[in-house]
Every structure is written in C-alpha cells, then in structure tokens.
Amino acid sequence: MANNAQVEHEITLLVNFIRTIGKPNTSSGKYETTFGDLFRNDEVQNTLESLAGTLKAAKRRKVVSYSSELLLQGVHDKELITLEKNEN
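As the structure is a prediction and not an experimental result, all values here were calculated from the model.

Caption draft 1: Spotlight on the packing of aromatic side chains. One pass over the structure, following the stated rule, counts 1 aromatic pair. With a centroid separation of 5.8 Å and an interplanar angle of 45°, the aromatic rings of Phe35 and Phe39 are classed as tilted. Linking Phe35 with Phe39, this pair stays in helix H2 (residues 35–40), spanning 4 residues, or about one helical turn. Accessibility expressed as a relative area gives 31% for Phe39, which makes it partly exposed. Above the face of the Tyr66 ring, Lys59 is positioned so that its terminal group lies 4.3 Å from the ring centre.

What counts and what doesn't
Residues numbered from 1 in each chain as written. Predicted model: local features only at pLDDT ≥ 70, side-chain atom pairs only at ≥ 80, totals over all residues. Heavy atoms only, no water. Phe/Tyr/Trp six-rings, centres within 6.5 Å; stacked < 30°, edge-to-face > 60°. Helix = DSSP H or I, 4+ residues; strand = E, 2+ residues; numbered from the N terminus. Buried < 20%, exposed > 50% of the residue type's maximum accessible area, 1.4 Å probe, protein only. Lys NZ or Arg CZ within 6 Å of the ring centre and 35° of its normal.

Just geometry here; none of it tells us what the structure is for.
Listed below in structure tokens is the structure:
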C-alpha cells in the first residue's frame, strides 16, 4: 500500500493534469475533463501508477467528483471528472 505522502503527491499531479487537459465549466468555473481524455494522455499514463486508484483517492478526499463507483477504460471514457478543489 502506498504511503500517504505518495498518495498526496499523485493527487497533486492529477489536479495539475486535470487543469492542463480539462476546461473550466462555463457556469461553475470548475475544471472538467473526461476519464477517457485523462486515460489516453501519454503524460498521465507515464506518470501515475494507477489513474483509477489516484482518482478514487482524490474522490475520497473530495478533490474531484464523478458519478461512477468504478472507472474502467472504454466503458467509462465519457465519465465527467470535475475538479472540486483548486488549491493543490
């Protein structure tokens, strides 16, 4: 199991990826992207050990939100990931 510092570091990287890949929602101003766009990004693939695991940890910490319990490539490519916290 990864230690807390490693998890926090990966969540920080994830936040930066969402800001880079995603776009601000016109009504809320929160950055959004899809799971598929994150999953297919070469830099994300080469940096994060487990995108789904990092997203799940970020969701538990209320850093991001999405509606599915589990995210699977292909099935959930259009799942919207919303950045809830911008301070990381």
